[in-house]
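# Notes for the structure review
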Amino acid sequence: FQRNSRNPQAIETLMGPVRRVTQGHPLADAIVLRHLDDLIAHQAPTAPLVDFGKVEGELWEKLADELVANYVFRNVQSTLIPICHTISLVRQFDLVLLRKLLEDTNQVPGMTVQEYGGLLNQLFATGFVFWSKQHKAYILDDTLRHILSEYIYRHNSQTYARINTLVAEHYRESISREGENLGAYIVEELYHRSCVQRICLDNMLAAKQYHVQCIDPENLLCDRLQAYREMVPDEEIQAATFDRLRHELAEDQELYELLGIERHQRLVGR
């Protein structure tokens, strides 16, 4: 940008916001900086530098089109592309959750369990879906997930709200069924509830239109912890579980960015 821009002085102002959008992906950086440079070049000489907040929506659209559709997905089977869009809204998934998501969006009606296994293999073969030893689940490439999920939030908030609600309910059911995975399930439920709440905070009109149920993450966490205390009365086990959970919440950068520093600190403090 400093070598090629017609406005190299803009780098100090734009570097942080651009990094937040692109996460440092080289082609994403090039696409975003080129677009910003064009905007600056067409401004009056005395005008202030481009207001990043006002053009951010355009940048996500640029990335979804030029980076994802025209570059990343150029050799991907067309039937897999909408599925990748759907799973971009979850941070991890298994065959059960994949089936719930695709049945909800009616993308592959009437599939058998065996056929879902074959579909998972096709997704894995794209090179964008991986098995995570840390999460013991499948994950979508982080940069791809980041761009697609933000694009969907801004351009199809109804789908964003519906899928995040569905996944939050999936983890709520998992908590009641398998207490030993409490920490991982609670963190994921909190993340998806926070995504839903984002709709409520940013666009209350859309939230009402889509019948979005907003649940405060702090209240939700208190409810889950109290339910766990009743389910597992042993105080030593409780303490060990809560310590692990506190660590997971504290290290969750995406949850931090969704909630902001004060709300995230209050959540960890619970």
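Predicted model, so just to flag it, every value in this text is computed and none were measured.

This brings us to helix α14 (residues 261-269). Within α14, burial applies to Arg-263, His-264, Leu-267 and Val-268. The buried residues of α14 occupy an angular sector of 135° when the element is viewed end-on, so they sit on one face. Facing away from the buried side of α14, by more than 90 degrees, are the exposed residues Glu-262, Gln-265 and Gly-269. Elements in contact with the buried residues of α14: α9 (182-202), α11 (217-231), α12 (235-250) and α13 (253-259).

Across all of its chains, the model carries 20 salt bridges by this definition. For Glu-56, the salt bridge goes to Arg-154, with nearest N and O atoms at 3.4 Å. Here Arg-154 lies in helix α7 (residues 142-155) and Glu-56 lies in helix α3 (residues 52-72), a separation of 98 residues in the sequence. Note on Glu-56: relative accessible area 9%, which makes it buried. For Arg-162, the salt bridge is made with Asp-104, and the minimal N-O distance between the two is 2.9 Å. A residue pair is termed long-range when its members are at least 10 positions apart, and Arg-162 in helix α8 (residues 157-177) and Asp-104 in helix α5 (residues 95-104) qualify at 58 residues. On the basis of relative accessibility, which here comes to 34%, the residue Arg-162 falls in the partly exposed class. The structure contains a network of salt bridges with shared partners spanning Arg-91, Asp-142, Arg-145, Glu-188, Asp-252 and Glu-254.

Right, let's get into the packing of aromatic side chains. Evaluated as defined, the whole model comprises seven aromatic pairs. Between the aromatic rings of Phe-124 and Tyr-138, the centroid separation amounts to 6.4 Å while the plane-to-plane angle is 80°, which identifies the pairing as edge-to-face. Of the two residues, Phe-124 sits in helix α6 (residues 113-125) while Tyr-138 sits in strand β2 (residues 137-140), which places them 14 residues apart along the sequence. By relative accessible area, which is 21% here, Tyr-138 ends up partly exposed. The rings of Phe-93, Phe-124, Trp-131 and Tyr-138 are connected pair by pair, giving a single aromatic cluster. Above the face of the Tyr-71 ring, Arg-74 is positioned so that its terminal group lies 4.5 Å from the ring centre. The ring of Tyr-153 has Arg-198 sitting right over it, with the charged end atom 3.6 Å from the ring centre.

Moving on, we come to the packing of α7 against α8. At a minimum axis distance of 5 Å, the contact between α7 and α8 shows a crossing angle of 120°. Here α8 runs oblique to α7, going by the angle between their axes. In this structure, α7 contributes Ser-149, Ile-152, Tyr-153 and His-155 to the contact, and α8 contributes Ser-157, Thr-159 and Tyr-160. For the contact of α7 with α8, the class distribution of residues is three nonpolar, four polar and no charged.

Soluble globular proteins tend to pack their nonpolar side chains together in the buried interior. The biggest cluster of nonpolar side chains holds 76 residues, and the ones touching the most others in it are Leu-36, Leu-63, Phe-73 and Leu-249. Looking at this core element by element, the count peaks at 10 residues for α9. Apart from the residues within four sequence positions on either side, Phe-73 is in contact with Val-68, Ile-81, Cys-84, His-85, Phe-128, Leu-144 and Leu-148.

Quick notes on the rules
- Residue positions are counted from 1 within each chain, in the order its sequence is given.
- A pLDDT threshold of at least 70 governs which residues receive local features in this predicted model, and a stricter bar of 80 or more applies before side-chain atom pairs are shown or counted, although totals over entire chains, interfaces and linings include all residues.
- Heavy atoms throughout the structure, all of them, feed into the side-chain values; hydrogens and water do not.
- Partly exposed describes any residue whose relative accessible area lies between the buried limit of under 20% and the exposed limit of over 50%, with all areas from a 1.4 Å probe on protein chains only and scaled to the type maximum.
- By the criteria applied, helices consist of DSSP H or I runs no shorter than four residues and strands consist of E runs no shorter than two, each listed in order from the N terminus.
- In this description, one arc is meant: the one made by directions from the helix axis to the C-beta atoms.
- By the convention used here, residues are in contact when the closest approach between their heavy atoms is within 4.5 Å.
- For this document, the term salt bridge refers to a Lys or Arg side-chain nitrogen within 4 Å of an Asp or Glu carboxyl oxygen.
- Note on aromatic contacts: the rings of Phe and Tyr and the six-membered ring of Trp form a pair at centre separations within 6.5 Å, being stacked when their planes are under 30 degrees apart, edge-to-face when over 60 apart, and tilted otherwise.
- Charge over a ring is defined by NZ of Lys or CZ of Arg lying within 6 Å of the ring centre and within 35 degrees of the ring normal.
- Fitted lines through C-alpha atoms serve as axes, helices being fitted only where they are in contact, and the angles separating the N-to-C directions of these axes extend from 0 to 180 degrees.
- An angle below 35 degrees is treated as roughly parallel, one above 145 as roughly antiparallel, one from 65 to 115 as roughly perpendicular, and anything else as oblique.
- In this classification, the charged set is Asp, Glu, Lys and Arg, the nonpolar set is Ala, Val, Leu, Ile, Met, Phe, Trp, Tyr, Cys and Pro, and all remaining amino acids, among them Gly, are polar.
- What we call a nonpolar core is a set of buried Ala, Val, Leu, Ile, Met, Phe, Trp, Tyr and Cys residues that are connected through their side-chain atoms within 4.5 Å.

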